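Structural characterization, general
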Amino acid sequence: MSHRRGYLLMLLSVPLVWILAVRFAGLPTLTLPPPTLVLKVLAEERMELLAHTLVTVGEALLGYFLANVLALGLAVLIRQARGLEAFVTPWTVVLKNIPFVTIASILTITLGDTLAPKLIIVVLVCFFPILANVSKGLNAVDPVMIDRMRTLNASRWDRFLKVEWPAALPYYMAAHEIAFTGSILGAIIAEWFFARKGLGFLIIRATTEYRADRLYAVTLIASVLAVGAYALCRAVERHLMRRRGIVGEG
Amino acid sequence: MVPAIQCRGVTRRFTPERDVLRDVSLEIAEGEFVTLIGASGCGKTTLLRVIAGLDDPTVGSVRVFGGTPAEACARREVGVAFQRPALVPSRTALGNVHLTLEVTGRPDLAAARRVLEEFGLGESVDRFPHQLSGGMQQRVNIACALVHTPRLLVLDEPFGALDELTRETMTEWLAGVWERTRLTSVLVTHSVEEAVLLSDRVVILDRNPGRIAEIVPVGLPRPRTGPSGPVEGFDEAVRSLRSRLRAIVGKGGP
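Residues numbered from 1 in each chain as written. Chains lettered and ligands numbered in written order. Predicted model: local features only at pLDDT ≥ 70, side-chain atom pairs only at ≥ 80, totals over all residues. Heavy atoms only, no water.

1. Topic: the side chain of D156(B)
Residue and element names in this part refer to chain B. Along the chain, the position of D156 falls in strand β6 (residues 152-156). Although D156 is buried, it makes no salt bridge; R49 carries the closest opposite charge, 6.2 Å away. Within polar-contact distance, the side chain of D156 engages the side chain of T45 at 3.3 Å. Among residues more than four places away in sequence, those in contact with D156 are T45, L48, A81, F82, Q83 and V188. (Helix = DSSP H or I, 4+ residues; strand = E, 2+ residues; numbered from the N terminus. Buried < 20%, exposed > 50% of the residue type's maximum accessible area, 1.4 Å probe, protein only. Lys, Arg positive; Asp, Glu negative; His and termini not counted. Salt bridge = Lys/Arg side-chain N within 4 Å of Asp/Glu carboxyl O. Polar contact = N/O pair within 3.5 Å; in protein donor to acceptor, adjacent residues only side chain to side chain. Contact = heavy atoms within 4.5 Å.)

See the structure below:
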């Protein structure tokens, strides 16, 4: 079965399984709303949902952009100044392994309901996969390429731009599959803790109000956003692969 | 006349206990093709890297066209080709050859294309490295090393990873390229046939520590192969070089 057919089958299966679950689970609508009810919420509350979705997407994109700038900058800096790696690595190991929900709580106390803590959470979610992958990619350059550049007396900039960066690019693209979808997740989680807008805020509100229909509607939107982000990454990756003469699968 | 390459008492020490090369002195004239041959671990690649400016001698000195190897590289007088082709996977054959010209500050797509056509790769200019055979990749690799018209060509087992038949064809092809350019060339190889076909002189290195054991001139007329096979005396030259090599390498054990 091709990948495309697999995805199509999955898309068709979700509503089918949902309908069957509603029919046979015997749970009240309040707990497990049928797809029709969720679609009704999506239609009736579309403007409000759109407004909250745009807030989450905005935070995710801004945080994602900042994470890219910071992670790329640091990866390049580490590559150029090898001594820096020894200094940076312990910091990245510790920061990466602190559960970011605890950091979120600290940020709530420190910064309150502002944009900053949400961006910090999104940056934390996106930063490490990008840093790790780009560093790995920059180090994956074939040593014979570096030797070739040295005998040609290539400048550092030429070496980076023409040899190291092309080697790192596939790794960078692979990082986006995690980081870009992670940015949506990060933004939603950040909104759980300190927000009056966004999908995360809607999830908390729907939970406290026992509005399962709205909760399912937000889940659908968040899932579409995350899967859309993933699909976009894959499409860009495939486009780049084609430009390199590599025929991608699926 | 000042030699193109001059190695004086070159010693390369990786650890205090081990000299990979010891007291190597060698002069190579401009336009001469010299091959370094010897058992694995005799330091031939190290000597090549020292000449190309990719490594520094611990003791001794190397002069390339009157200056240090680094100065020769700065003047863009050195071209290198290794066993593993130094090609950027995301660039086409043309893009890879052009990379040399971009880096050396002389971007000229037409020149890059011309070199590839001269190398019989006119049909493959838009192919990516993974779309080329091993032999074609190596031809692109050597085109990358030659497109900026260096004065010194350094080759480290360029055909070592190819199958026997391709290797023979490629060696003959390289001999043809050299006939046209007459570049000062230093080759590292394990193949006695390759050494005899291409070289003016063959330097046999001994190991533990790596040092010059013997320099064998190859007095055969050029070109050394043609449609009817190798020139007269070729087989004898191969036999003779092989027996000298065996005598030197055999002394030190396998």
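Still to come is the rest of the account.
2. Points about unusual backbone geometry
Across the junction of N208(B) and P209(B), the peptide omega takes the value -5 degrees, indicating a cis bond. Summarising the element assignment, P209(B) is placed in the loop between β8 (201-206) and β9 (211-217). Following R222(B), the chain continues into P223(B) via a peptide bond in cis, with omega recorded as -5 degrees. Along the chain, P223(B) falls in the loop between β9 and β10 (225-226). Non-glycine residue Y210(A) carries a positive phi angle of around 55 degrees. Positionally, Y210(A) belongs in the loop between α9 (199-208) and α10 (212-243). A residue is classified by how much of its surface remains accessible, and Y210(A), at 65% relative accessible area, is exposed. One non-glycine residue, F65(B), lies in the positive phi region at around 50 degrees.

3. As for helix α3 (residues 93-103) of chain B
Residues that lie three or four places apart on an α-helix share one face, since the helix turns once every 3.6 residues. The element α3(B) is largely enclosed, with a buried count of 10 among its 11 residues. Where α3(B) is buried, its residues meet α7 (143-151) and α8 (156-193) of chain A together with α4 (109-118) and α5 (134-146) of chain B. Once α3(B) ends, the next one or two residues include G105(B), with phi positive near 75 degrees.

4. Considering the sheet that holds strand β2 (residues 18-28) of chain B
Residues and elements named next belong to chain B. In spatial order, the strands read β2-β1-β4; together these three strands make up an open sheet with antiparallel pairing. Looking along the sheet, the strands with just one partner apiece sit at the ends: β2 and β4 (59-64). With direction set aside, neighbouring strand axes in the sheet form an average angle of 25 degrees. When strand β1 (residues 5-15) meets β4, the two strands line up antiparallel, connected through five bridges. Residue R8 lies in a different strand from β4, and its bridge partner there is S61. Packing against the sheet, helix α1 (residues 44-51) makes contact with β1, β2 and β4, and its axis sits at approximately 120 degrees to β1. (Pairing = 2+ DSSP bridges. Axes fitted to C-alpha atoms, helices over the stretch in contact; angles between N-to-C directions.)

5. Describing the side chain of T189(B)
All names here are of chain B. For T189, the position within the fold is in the loop between β7 (184-188) and α7 (192-198). For T189, a relative accessible area of 0% corresponds to the buried category. Only 3.0 Å separates the side chain of T189 from the backbone nitrogen of S191, close enough to count as a polar contact. Non-local contacts of T189, meaning those with residues more than four positions away in its chain, are made with T35, L36, I37, K44, E157, R167, E194 and A195.

6. Some points on the interface of chain B and chain A
Each side of the interface is counted separately: chain B has 29 residues, and chain A has 19 residues. Roughly 2000 Å² is buried in total at the junction of chain B and chain A, and carbon and sulfur atoms are behind 58% of that figure. For chain B, the biggest contributors to the area lost against chain A are L54(B), R84(B) and V103(B); these three give 25% of the whole. Applying the counting rule to chain B against chain A returns three salt bridges. The salt bridge partner of R49(B) is D147(A), with a shortest N-O separation of 2.8 Å. In this assembly, chain B and chain A are joined by nine residue pairs in polar contact (both at pLDDT 80 or more). Breaking the side of chain B that touches chain A down by element, the ones donating at least two residues are α2 (69-74), β5 (78-81) and α3 of chain B. A total of five residues in the side of chain B that touches chain A trace back to one element, the largest contributor, which is α3(B). For the side of chain B that touches chain A, the residue count by class is 16 nonpolar, eight polar and five charged. (Buried area = accessible area lost by both parts, 1.4 Å probe. Nonpolar A, V, L, I, M, F, W, Y, C, P; charged D, E, K, R; others polar.)

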